[in-house]
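# Report on the structure
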Amino acid sequence: MDQDINKIYHNTFGVSFIWKEEGSKTPSPKIQIIFRDMGFYLTHREIIQFQQQISYVRSKNPCAVCKRKERNRFMLLKTPCKQVDLAINALELNAIYDLINGTLFHLELTEYINHTCKN
């Protein structure tokens, strides 16, 4: 499968990548993000919106006083897909946070290197 994708970022929870398109010189405008048996096909802007929603849930984290905060899925995380919300626990929230931030970092670094540094 590695020959079919351009991997952007991965952690122990998930992976983000862009599908290679044969004969195309421009990469796909959508990024595939896969975690917890789900795949999201998102634009750069949608990933930024997802990052903002994750940051909001992290700031309003009701888990601070729970005894089983790492295992119980009682936080609701809205996704850029309006029909899909996720029930997650604190560990999953932190893993998704890392995956999304790592993805954005690598996308923006690539953009900086390929466009800004060429000028």
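Located above this text is the structure these notes cover.
Below you will find a few notes about this structure. (Residues numbered from 1 in each chain as written. Predicted model: local features only at pLDDT ≥ 70, side-chain atom pairs only at ≥ 80, totals over all residues. Heavy atoms only, no water.)

## Side note on the overall build of the protein chain
Operational definition: Starting at the N terminus, helices and strands are each numbered in turn, a helix being any DSSP run of H or I of at least four residues and a strand any DSSP run of E of at least two. The classification of residues rests on relative accessible area computed with a 1.4 Å probe and restricted to protein chains. Under 20% of the type maximum is buried, over 50% is exposed, and intermediate values are partly exposed. Contact definition: two residues touch when any of their heavy atoms are within 4.5 Å.
Each helix and strand in the protein chain was counted, giving two helices and six strands. Shown N-terminal to C-terminal, the secondary structure of the protein chain runs as helices and strands in the order β-β-β-β-α-β-β-α. Within the span of the protein chain, comprising 119 residues, buried residues form 33% of the whole. Look at the contacts in the protein chain between residues 6 or more apart in sequence, and 38% of them connect residues 24 or more apart.

## Let's talk about the pairing of strand β1 (residues 5-10)
Using the following cut-off: When DSSP finds two or more bridges between a pair of strands, those strands are recorded as paired.
With five bridges connecting them, β1 and strand β2 (residues 14-19) associate as antiparallel partners. Note that in β2 the partner of Y9 across the bridge is S16.

## Quick word on the sheet that holds β1
Which entries qualify depends on this criterion: The convention used is that axes are lines fitted to C-alpha atoms, helices contributing only their stretch in contact, and that angles between N-to-C directions extend from 0 to 180 degrees.
Read across the open sheet, the four strands follow the order β1-β2-β3-β4; overall the sheet is antiparallel. If you trace the sheet from one side to the other, it starts and ends with β1 and β4 (38-43), each paired once. The sheet shows a mean angle of 25° between the axes of neighbouring strands, taken without regard to direction. Where helix α2 (residues 90-116) meets the sheet, it contacts β1, β2 and β3 (30-35), and its direction lies at approximately 125° from that of β1.

## Let's talk about the side chain of Q32
The cut-off we apply is this: Identification of polar contacts relies on pairs of N or O atoms within 3.5 Å, with a donor-acceptor requirement for protein atoms, meaning one able to donate a hydrogen and the other able to accept it, and with residues adjacent in sequence counted only if both atoms are side-chain atoms.
As for its position among the elements, Q32 is in strand β3. One polar contact links Q32 to W19, side chain to side chain, over a distance of 3.3 Å.

## Some words on the pairing of β3
As paired strands, β2 and β3 are joined by four bridges and run antiparallel to one another. Note on β3: the bridge partner recorded for F17 is Q32. As paired strands, β3 and β4 are joined by six bridges and run antiparallel to one another. Pairing of Q32 across the sheet is with Y41, part of β4.

## Considerations on helix α1 (residues 44-59)
Quick reminder of the rule: A helix's residues, less one, multiplied by 1.5 Å, set its expected span.
Here α1 contains 16 residues, and its C-alpha end-to-end distance of 23 Å stays within 8% of the 22 Å for a straight helix at 1.5 Å per residue. Within the sequence span of α1, burial applies to I47, I48, F50, I54 and V57. Elements that come into contact with the buried residues of α1 comprise β3, β4, β5 (75-78) and α2.

## Some details on the environment of T103
Within the element layout of this structure, T103 appears in helix α2. A relative accessible area of 0% places T103 in the buried class. Along the chain, T103 and I31 lie 72 residues apart, while their C-alpha atoms are 9.2 Å from each other. Those residues in contact with T103, other than ones at most four positions away along the chain, are I8, Y9, S16, I31 and I47.

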